[in-house]
Amino acid sequence: MSLLKVENLCKSYRESTGKLEVLKGINLAVESGEMIAITGESGSGKSTLLHLLGMLDSADSGEIFYFEKLKKATDKDINEFRNKTIGFVFQFHYLLEDFTAEENIAMPMFLATHNFGKSLKEARNLLHSFDLYGRREHYPNQLSGGEQQRVAVARALINKPEIVFADEPTGNLDAKHSDELIGLLVDLNKQNNQTFVMVTHNLEIADKMHRKFHLEYGVIIK
Amino acid sequence: MYKVIIYFIKKYIFSNRKEWLRSDSVFMVVGIIVSVATLTIAQAIFEGYETVLKETILGANSHIYVFLSSDGYLNKDNLAELDEFLTAQPEVAAISPIIITQVMASGNGKIKGALLRGINWQQENQPTLYREKVFAGTYDLSDENSTVIGSKLAQALNIKVGDKIKLISPMNSKMTPMGVKPKQQEFTVGGLYESGMYDYDSKYVFVNYATAAEFSAMEDEFSMLEVKLKPEFIEKADYLAYRWQVFLDYQYQISSWIDFNGNLFSLLTLEKWVIFIILSFLILIASFNVVSSVSTSIIEKRQELGILKAFGASHQLLQKIFVGKTLIISVIAVSLGQILGVLIAKFLSWQKFFVLKGDVYFLDKINVQFSVLSWLLILGVSLSIVILASFIPLRKISTLEITDILRGKN
Ligand SMILES: Nc1ncnc2c1ncn2[C@@H]1O[C@H](COP(=O)(O)OP(=O)(O)O)[C@@H](O)[C@H]1O
Ligand SMILES: [Mg+2]
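Residues numbered from 1 in each chain as written. Chains lettered and ligands numbered in written order. Predicted model: local features only at pLDDT ≥ 70, side-chain atom pairs only at ≥ 80, totals over all residues. Heavy atoms only, no water.

1. Structural notes on the overall build of chain A
Line of reasoning, step 1. What chain A contains, in helices and strands, is seven helices and ten strands.
Line of reasoning, step 2. Taken over C-alpha atoms, the radius of gyration comes to 17 Å for chain A, in line with the 17 Å a tight globule of 222 residues would show.
Line of reasoning, step 3. In terms of overall dimensions, chain A has C-alpha extents of about 50 × 40 × 40 Å along its principal axes.
Line of reasoning, step 4. Taking all 222 residues of chain A together, 54% fall into the buried category.
Line of reasoning, step 5. Here the analysis covers contacts within chain A between residues at least 6 apart in sequence; of these, 70% occur between residues at least 24 apart.
Line of reasoning, step 6. Taken as a whole, chain A presents about 10100 Å² of accessible surface, with 46% of it coming from carbon and sulfur.
Line of reasoning, step 7. Distance between charge centroids for chain A: 4 Å, based on 26 positive and 31 negative side chains. (Helix = DSSP H or I, 4+ residues; strand = E, 2+ residues; numbered from the N terminus. Rg over C-alpha atoms; globule rule 2.2 N^0.38 Å. Buried < 20%, exposed > 50% of the residue type's maximum accessible area, 1.4 Å probe, protein only. Contact = heavy atoms within 4.5 Å. Areas by Shrake-Rupley, 256 points an atom, 1.4 Å probe, with all protein chains shown as cover. Lys, Arg positive; Asp, Glu negative; His and termini not counted. Charge placed at Lys NZ, Arg CZ, Asp CG, Glu CD.)

2. Comments concerning the overall build of chain B
Line of reasoning, step 1. On a plain count of helices and strands, chain B comes out with 14 helices and ten strands.
Line of reasoning, step 2. For 410 residues, the compact-globule formula gives about 22 Å, and the C-alpha radius of gyration of chain B, at 33 Å, lies well above that figure.
Line of reasoning, step 3. With respect to the principal axes defined by its C-alpha atoms, chain B has extents near 115 × 50 × 35 Å.
Line of reasoning, step 4. Split into buried and exposed, the 410 residues of chain B put 50% on the buried side.
Line of reasoning, step 5. With the model as given, the accessible surface of chain B reaches about 20300 Å², and the carbon-plus-sulfur share is 62%.
Line of reasoning, step 6. Of the side chains in chain B, 39 bear a positive and 38 a negative charge, and the two mean positions are spaced by 18 Å.

3. Side note on the nonpolar core
Line of reasoning, step 1. In terms of nonpolar packing, the biggest core is built from 84 residues, with L4(A), I26(A), Y66(A), I163(A), F165(A), F8(B) and I32(B) touching the most fellow members.
Line of reasoning, step 2. Counting residues per element, this core draws most heavily on helix 10 (residues 315-350) of chain B, which supplies eight residues.
Line of reasoning, step 3. Counting residues in hydrophobic clusters, the runner-up holds 68 residues, among them F187(B), Y204(B), F206(B) and Y252(B). (Core = buried A, V, L, I, M, F, W, Y, C linked by side-chain atoms within 4.5 Å.)

4. Describing the interface of chain B and chain A
Interface size is commonly expressed as the accessible area that is lost once the parts come together.
Line of reasoning, step 1. Contacts between the two partners involve 27 residues from chain B and, on the opposite side, 26 residues from chain A.
Line of reasoning, step 2. A combined buried area of about 2600 Å² lies between chain B and chain A, and 63% of that area is made up of carbon and sulfur atoms.
Line of reasoning, step 3. Counting the contacts that link chain B with chain A gives two salt bridges.
Line of reasoning, step 4. The partner of K301(B) in a salt bridge is D98(A), and the shortest N-O contact between them spans 3.7 Å.
Line of reasoning, step 5. The interface formed by chain B and chain A contains seven residue pairs in polar contact (both at pLDDT 80 or more).
Line of reasoning, step 6. Put simply, the parts of the chain that give the side of chain B that touches chain A at least two residues each are helix 1 (2-14), helix 9 (302-310) and helix 14 (402-406) of chain B.
Line of reasoning, step 7. Along the lines of polarity and charge, the residues of the side of chain B that touches chain A split into 14 nonpolar, six polar and seven charged. (Buried area = accessible area lost by both parts, 1.4 Å probe. Salt bridge = Lys/Arg side-chain N within 4 Å of Asp/Glu carboxyl O. Polar contact = N/O pair within 3.5 Å; in protein donor to acceptor, adjacent residues only side chain to side chain. Nonpolar A, V, L, I, M, F, W, Y, C, P; charged D, E, K, R; others polar.)

5. Describing the site of ligand 1
Line of reasoning, step 1. Near ligand 1 you find 14 residues, and of these G43(A), G45(A), K46(A), S47(A) and T48(A) are the closest.
Line of reasoning, step 2. At ligand 1, the nearby residues belong to more than one chain, namely chains A and B.
Line of reasoning, step 3. A distance of 3.3 Å separates an oxygen atom of ligand 1 from a polar atom in the backbone of S44(A).
Line of reasoning, step 4. G45(A) places a polar main-chain atom, nitrogen or oxygen, 3.0 Å from an oxygen atom of ligand 1. (Near = heavy atom within 4 Å.)

6. Some words on the domain arrangement of chain B
Residue and element names in this part refer to chain B.
Line of reasoning, step 1. Taken domain by domain, chain B comprises domain 1 (2-57 + 264-406) and domain 2 (70-250).
Line of reasoning, step 2. Opposite the nine residues of domain 1 that make contact, domain 2 presents six residues.
Line of reasoning, step 3. Buried area between domain 1 and domain 2, summed over both chains or domains, comes out near 580 Å², and the portion from carbon and sulfur atoms is 62%.
Line of reasoning, step 4. Broken down residue by residue, the surface that domain 1 buries against domain 2 is led by T56, F362 and D364, which jointly contribute 55%.
Line of reasoning, step 5. One can count one salt bridge joining domain 1 with domain 2.
Line of reasoning, step 6. With its nearest N and O atoms 3.4 Å apart, the salt bridge here joins E235 to K54.
Line of reasoning, step 7. Applying the counting criterion to the domain 1 and domain 2 interface returns one residue pair in polar contact (both at pLDDT 80 or more).
Line of reasoning, step 8. Counting residues per element, the ones that place at least two in the side of domain 1 that touches domain 2 are helix 2 (23-60) and helix 11 (358-361).
Line of reasoning, step 9. Looking at the side of domain 1 that touches domain 2 element by element, the count peaks at four residues for helix 2. (Domains from an automatic or database assignment.)

7. Topic: the confidence of the model for chain B
Note that predicted coordinates carrying low pLDDT should not be read in detail.
Line of reasoning, step 1. For chain B, the average pLDDT comes to 87, and 98% of its residues sit at 70 or higher.
Line of reasoning, step 2. Listed scores for the predicted complex are pTM 0.77 and ipTM 0.90. (pLDDT = per-residue confidence, 0-100.)

8. Some remarks on the side chain of T195(A)
Residues and elements named next belong to chain A.
Line of reasoning, step 1. The residue T195 is located in strand 8 (residues 195-199) in this model.
Line of reasoning, step 2. Take T195: its relative accessible area is 1%, and that puts it in the buried class.
Line of reasoning, step 3. Separated by 3.3 Å, the side chain of T195 and the backbone oxygen of E162 make a polar contact.
Line of reasoning, step 4. Residues in contact with T195, not counting those within four places in the same chain, are L3, V30, E31, S32, G33, E34, E162, I163 and V164.

9. Looking at the packing of helix 8 (residues 257-300) of chain B against helix 10 of chain B
Two quantities define a packed helix pair, namely the angle between the helix axes and the distance between the axes.
Residue and element names in this part refer to chain B.
Line of reasoning, step 1. Running from N to C, helix 8 and helix 10 point in directions that differ by 135 degrees, and their axes come no closer than 11 Å. Relative to helix 10, helix 8 is oriented oblique. The chirality of how helix 8 crosses helix 10 is right-handed. Where helix 8 abuts helix 10, its residues V290, V294, S297 and I298 lie against F322, K325 and T326.
Line of reasoning, step 2. Taken together, the residues of the contact of helix 8 with helix 10 break down into four nonpolar, two polar and one charged. (Axes fitted to C-alpha atoms, helices over the stretch in contact; angles between N-to-C directions. Parallel < 35°, antiparallel > 145°, perpendicular 65-115°, else oblique. Left-handed = near helix turned anticlockwise from the far one by under 90°.)

Dropping the structure here:
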């Protein structure tokens, strides 16, 4: 049973010049414990695809299955689904400025359980394993770019999601921090069997993944 | 859910960025404070006026007045009949006949119209409070040349206790070889009377029965009978007056303080509500600031809101956070407005530079009063308006597109 299966996914945007067809029938499947890279030129629709997979946006046509179950971004329970089954890491850390590192990490769990103490404890465990415990009470603007991105990864993981979507997570990092972050994700995959789908146009990074999909002309070219 | 909401509200209010110190929040808070304070002051003044006016009217008047229905005055037989009837009524506390006649009062070269009142000044339990309202000099009308006069009349004639005053009556004039000579007599002012009713204080002149009889040319006759009711029946005075009038076969015209002042109080109540409604519009206007402040806050936080949505926060939750935040700020602002209003109202009633026109408003002092009812009412009305206003921009949250935010589009 595939964790995620996509059939004939199409997405277009209406623009002043007419319809811009970004995705023209995407088919793919992701198994539990896999690390997948999605590569492609800038503007090829990688983010669009990731948003559709992560239920942040609706497709024009086509279907997305999680564990063989049809899912739509308009489903009633979609907030809970996003909260528990999916984790996100973006190119920008998008941490909440008014909240400390540990509060940011605890946030998805707090939203799910309404138990702040428990969420904070879990956040601290993650901070330990990410070597950030000393930074737990720092606000995002007091952290370096690499630390911000690791905090963002911890936040994506706190609810133990089945799958984590990462959209160019190293896009804003220098080579050293970029390597560190990818190393962290690979470790997480090895230790916890964590599934990742990562958009990147760094081929070196893509090569470290189990499988690569290349997006071009709105379809996947292996 | 409420735990989450409270957590977020605390974060926003105590955040280092102190967004509530921004100009739009400050405008919103100041707008609410000023409009609520205005409303509070207006209500306090109206209620104070109403209460004090009623107290004053009831303090300076008896509750029921009995006149003869036909032209003329109450004679001995009438009084005997009324005395027998009224003292048998369980509602009656005291009765006393009174002589009233118009006179001219002159002193220090000035002259004023006045109302001479011949009273049973020695009566222990008087229907109208006289003894208690004499604030200077003594209350002693035993001498035929002694009088107690209203404080405002004394002021107008520049008269102090112990001074002389001359009263002139056209009623009891005598033909003399020189022509018609009105009755006139000089009195010594023994005391000053002050009821708080401008009209009374500027007109009343009290003398004993004998003197009044002479001035009015009434022998063993009285203008009317004053009746005081037991406190629990004061509000039913109009009904009692009517009942007695019927019982006594319409031989007497019996009126109550409600007949004389009832319209005034209904008008006051009406006015109080009209002012309340008009001033509530101030709060409505202040709530426009609430709309813009909440909008600004949502627009400024849209990235944060988008991220929270991506991590599973429903837009209902986010909306509740914003409403809760506005609610807390509004409760504080409304309370401050009420406190400010009370302080200003207290100041207005304390100061002496600005007074009411006594001849128009009966009272010249500004009185204020605060009731729990109007406190709750103002709190309820202003909070409802403000909270409803804060709902208007909430639509912005439900239409937030996460993908737009992630792409950095505005
Ligand atoms: N909301 C939108 N409206 C119109 N065009 C869009 C919108 N979002 C993305 N696009 C266009 O769709 C194409 C794919 O965008 P995107 O998925 O962000 O590409 P990538 O992440 O691969 O760089 C781009 O040409 C982009 O301009
Ligand atoms: Mg992209």
